[in-house]
Amino acid sequence: MPREIAMWEAINEAIRQEMERDSRIIVLGEDIGKMGGAFWCTQGLLEQFGSSRVIDTPISEAGFMGMAIGAALVGLRPIVELQFVDFFGVAWDQIYNHLAKLRYMSGGQFKLPVVIRAPIGGGYGDAAQHSQVLYSIFAHIPGLKVVAPSNPYDAKGLLISSIRCDDPVVFLEHKLLYGLFYLPPGSFGEVPEEPYELPLGEARIAAEGEDITIVGAAYTAYLAEKAADRLREQGVSAEVIDLRTLVPLDKHALRKSVEKTGRLLVVDEDYLPYGLTGEVIATIAEDAEAFKALKAPPARVGNPGVPVPFSEPLEKAVLPSEDKIVKEALKLVEA
Amino acid sequence: MSRVLLSFKSYSLAEREEKLEAEVTRELALSFYRKMVLARTLEDELKRRYESFEMRGELHLGRGQEAIPAGVCELLSDRDFVSATHRCIAHAVCKGLPLDGIIAELYGRASGVCRGKGGHMHLASSSKRFLATGIVGGGIPIAAGAALAFKTLGEDSVAVAFFGDGAANQGTFHESLNLASIYRLPVVFVLEDNQYAFSTRRSESTAVESNAIRALGYSMPALEVDGNDVIAVYTAAKWAVERARRGEGPSLLDCKTYRLSPHLEIVDTEEYRPEGEKEKWEKLDPVRRLEEQAVELKLASKEDFEQIKAEARKLVEEAFQRALSSPLPAPEEAFRDIFSGE
Ligand SMILES: Cc1ncc(C[n+]2csc(CCOP(=O)(O)OP(=O)(O)O)c2C)c(N)n1
């Protein structure tokens, strides 16, 4: 039975249902047990599954990331929570040199079914060390799948698929979508009670349209949907593609849409240089059909390459917004 | 102004002697000897061939350190996990990885243990539960994690992390000791203190006289071990492994040894070694040491040693033949194994 829940509840439910199904799944991270997670997502798990499967760790990211890898090598399926994605740096060697590569370097002998869950994003005044999304850093490394849901339904299905996947998945959850009262707006929606999987590597067409393709992920997909509603009122029919997974990237959906609309606007909260927007545009540029269909040069909205500032007007100047998307889309359509 | 006298609590270290008894049978002594001689015979042959540029990449050998993997792995089965380092060939041999698979891997052949995707620093085997990493300190938390899995799954397996004195200055060493201690994990940290990290002396890089002291900061028992005495290594490891299997938690073995090989073949000029130091340690060669002990304890004779050496030469020779008859991998192989199902 679907009922309306917040994204954090969908995430919590996915973990709980998977842990009920498979006793090899453990959860570890800082404050995830007694506290239920800094962003609530692991509420109730310690009570239900006990401290051998729900493990509160010290602030020791390299240590417990390495432990998740070792545990996976001999048969467990760990879910590791990084309290904020921004803290990946102290564990980075374990992530990109070990987690991402051990399957390959062992000639396919080892499976690494590890999910790294991490809250991402800014827009609420947490400044440059607690506001990043950092998609492209993970997506750049071969061997990591990267998922970034924009709503509760996708979050539940994609997280279940990520947990069942035999490869490492970096599962990035935008803080403004969790639905926590102190982090508006939050994403709420209908979610079936029973477990279900959504395939990794399939984008979602969030809105169909004819004039322009707007691409986003997580919070920028959410913003793009709102922007498309406003554009429609102004007579512009925008197609919104919510990437859902950045690795694998649904190139087919991108090309098909651009072949139809002939205009491409990519929205990203990450730093623009060397990032997601460039990758999406290259995906179009490399494809003869899609490239030929372009009626205007592609455009992008995102953080131009600035550490996310604290003060509200400064932060707003840097991060993408509904207004910026609408403005850029109109420019592109009128070009 | 007035002067006040305050008192504070502080701690000091006390050294203590631990007495452990060892029972050494002829079988055990010969098993140590076989492992050490096999590792050395393989490494000697690899060195000879590497010097004529038969293999690509670097080559880190561990002459003089063989007693440590031999003594520890004597206590392990295929169900136990080992993480090793860039200097992992003897460890792979002692953990039972096939010689031909190891050699083929070093030659980048299709039949290598990692199908030619790992190379000499990254030997791995899922069936033997063995993993080496080229990142100094990288394997330490991974062993702790395997131990966490054993504990969670109720398996009586143990995990062993081998690493150098250089790695003991990485954060992962300290984080792993702390984590293993708070969760009482069945893991043994085996520090191979060969006194150098490439050119850097331990005494110049490490704020304590002996890394065994550091374990105290993590409420973990530690033993300082003569790493060139395989009987001592085995005895200490038996204590550590049995504690771990009984659920009594982790421990650290700080094995004092010396690398008679250069840090890496061909490149390392070894100018950092003080004069006469290597010569002194050559006299403490663990293979010869075991021969002397076995004769003294009347467990084996010169003939036994000669026979085992001849067997090792034959095994290595045959393994080379099999390994080198394997083809190089097809280029398409490069695009497999990034993700599962590919
Ligand atoms: C993180 C990292 N830093 C540096 C290196 C380069 N490097 C490889 S081995 C080595 C020395 C390691 O010394 P130690 O841990 O004592 O092991 P040993 O070589 O003596 O066996 C160095 C500096 C590396 N591989 N990884």
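Please refer to the structure placed before this passage.
The model shown is predicted, which means the values in this text are computed figures rather than measured ones.

Draft legend 1. Highlighting the overall build of chain B. A tally of helices and strands in chain B yields 12 helices and nine strands. In terms of principal-axis extent, the alpha carbons of chain B reach across some 85 × 55 × 45 Å. In chain B, which comprises 342 residues, the proportion classed as buried is 57%. Partitioning the intrachain contacts of chain B with sequence separation of at least 6 by distance along the chain shows that 75% fall at a separation of at least 24. Summed over its atoms, the accessible surface of chain B is roughly 15800 Å², and 51% of this surface lies on carbon and sulfur atoms. Distance from the positive charge centre (45 side chains) to the negative charge centre (54 side chains) of chain B: 2 Å.

Draft legend 2. Spotlight on the overall build of chain A. Regarding its fold elements, chain A presents 13 helices and 14 strands. In terms of C-alpha radius of gyration, chain A reaches 19 Å, essentially the compact-globule figure of 20 Å for 335 residues. Dimensions of chain A along its principal axes, counting C-alpha atoms only, are 60 × 45 × 40 Å. Relative to its full complement of 335 residues, chain A shows a buried share of 63%. When contacts within chain A are restricted to residue pairs at least 6 apart in sequence, those whose partners lie at least 24 apart make up 81%. For chain A, the separation between the mean place of its 32 positive charges and that of its 47 negative charges on side chains is 3 Å.

Draft legend 3. Examining the sheet that holds strand S8 (residues 222–226) of chain B more closely. All names here are of chain B. Sheet architecture is open: seven strands sit in the order S2-S3-S1-S4-S5-S9-S8, paired in mixed fashion. On the outer flanks of this sheet lie strand S2 (124–125) and S8, each paired with one strand and no other. Here five bridges tie S8 to strand S9 (residues 251–256), and the two strands are oriented parallel to one another. Looking at the pairing, Asp226 lines up with Lys256 of S9.

Draft legend 4. Expanded view of helix H7 (residues 152–164) of chain A. Residues and elements named next belong to chain A. Given a rise of 1.5 Å per residue, 13 residues ought to cover 18 Å, and the 18 Å separating the end C-alpha atoms of H7 matches this to within 8%. A large share of H7 lies buried, amounting to 11 of its 13 residues. Three or more residues of H7 are buried, namely Pro152, Asp154, Ala155, Lys156, Gly157, Leu158, Leu159, Ile160, Ser161, Ser162 and Ile163. If you check the start of H7, you find a side-chain oxygen 3.1 Å away from the backbone N of Tyr153, and it comes from Asn151.

Draft legend 5. Focus on the packing of aromatic side chains. Enumeration over the complete set of coordinates arrives at 20 aromatic pairs over all chains. Aromatic side chains B:Tyr107 and B:Phe320 sit 6.2 Å apart centroid to centroid with 90 degrees between the ring planes, which places their arrangement in the edge-to-face category. Of this pair, B:Tyr107 sits in the loop between helix H4 (99–106) and S2 while B:Phe320 is found in helix H12 (residues 302–324), placing the two residues 213 residues apart along the sequence. A residue is classified by how much of its surface remains accessible, and B:Tyr107, at 10% relative accessible area, is buried. Ring centres of B:Tyr196 and B:Tyr272 lie 5.1 Å apart, and the angle between their planes is 50 degrees; this geometry places the pair in the tilted category. Here the residue B:Tyr196 occupies a position in strand S6 (residues 196–197), and B:Tyr272 occupies one in the loop between S9 and helix H10 (277–282), the gap between them amounting to 76 residues. According to the relative accessible area criterion, B:Tyr196 is buried, its value standing at 3%. Given the relative accessible area of 19%, B:Tyr272 is considered buried. Three or more aromatic residues joined by ring pairs form one cluster here, namely A:Trp8, A:Trp40, A:Phe181 and A:Tyr182. It is B:Arg273 that lies over the ring of B:Tyr196; its NZ or CZ is 5.7 Å from the centre.

Draft legend 6. Region of the structure containing the site of the ligand. Residues and elements named next belong to chain B. With respect to spatial proximity, 15 residues lie near the ligand, and among them His86, Arg87, Gly134, Gly166 and Asn194 are the closest. One of the backbone nitrogen or oxygen atoms of Ala167 is found 3.1 Å away from an oxygen atom of the ligand. Taking Tyr196, its main chain carries an N or O atom lying 2.9 Å from an oxygen atom of the ligand. Burial of the ligand by the surrounding chains reaches 72%, relative to a free accessible area of 580 Å². Its residues placed into classes, the shell around the ligand shows six nonpolar, seven polar and two charged.

Draft legend 7. Region of the structure containing the layout of surface pockets. Its volume calculated, the largest pocket comes out at about 890 Å³. Lining the largest pocket are 23 residues, with B:Glu15, B:Arg16, B:Ala222, B:Leu223 and B:Glu224 sitting closest to its centre. Those elements giving two or more residues to the lining of the largest pocket turn out to be helix H8 (212–216), S8 and helix H9 (230–245) of chain B. Examining the composition of the lining of the largest pocket, we find that five residues originate from one element, S8(B), more than from any other. One number sums up the size of the second largest pocket: a volume of about 490 Å³. Taken together, 18 residues form the lining of the second largest pocket, with A:Ser136, A:Ala139, A:His140, A:Gly275 and A:Glu279 sitting closest to its centre.

Draft legend 8. Up close: the sheet that holds strand S5 (residues 115–120) of chain A. All names here are of chain A. Spatially, S3-S2-S4-S5-S7-S6-S12 is the arrangement adopted by the seven strands of the open sheet, whose pairing is mixed. At either end of the open sheet lies a strand with only one pairing partner, and these are strand S3 (54–56) and strand S12 (245–247). Neighbour-to-neighbour, the strand axes of the sheet open up by a mean angle of 20 degrees, direction not taken into account. Of the strands in this sheet, strand S2 (25–29), strand S4 (77–81) and S5 touch helix H3 (residues 61–73), which is tilted by about 165 degrees from S4.

The rules behind each value
Residues numbered from 1 in each chain as written. Chains lettered and ligands numbered in written order. Predicted model: local features only at pLDDT ≥ 70, side-chain atom pairs only at ≥ 80, totals over all residues. Heavy atoms only, no water. Helix = DSSP H or I, 4+ residues; strand = E, 2+ residues; numbered from the N terminus. Buried < 20%, exposed > 50% of the residue type's maximum accessible area, 1.4 Å probe, protein only. Contact = heavy atoms within 4.5 Å. Areas by Shrake-Rupley, 256 points an atom, 1.4 Å probe, with all protein chains shown as cover. Lys, Arg positive; Asp, Glu negative; His and termini not counted. Charge placed at Lys NZ, Arg CZ, Asp CG, Glu CD. Rg over C-alpha atoms; globule rule 2.2 N^0.38 Å. Pairing = 2+ DSSP bridges. Expected span 1.5 Å × (residues − 1). Polar contact = N/O pair within 3.5 Å; in protein donor to acceptor, adjacent residues only side chain to side chain. Phe/Tyr/Trp six-rings, centres within 6.5 Å; stacked < 30°, edge-to-face > 60°. Lys NZ or Arg CZ within 6 Å of the ring centre and 35° of its normal. Near = heavy atom within 4 Å. Nonpolar A, V, L, I, M, F, W, Y, C, P; charged D, E, K, R; others polar. 1 Å grid on protein atoms, 1.4 Å probe; cavity = no way out; pocket = protein on both sides within 12 Å on 5 of 7 lines; lining within 4 Å. Points joined across faces, edges and corners; volume = space filled by probe spheres on them. Axes fitted to C-alpha atoms, helices over the stretch in contact; angles between N-to-C directions.

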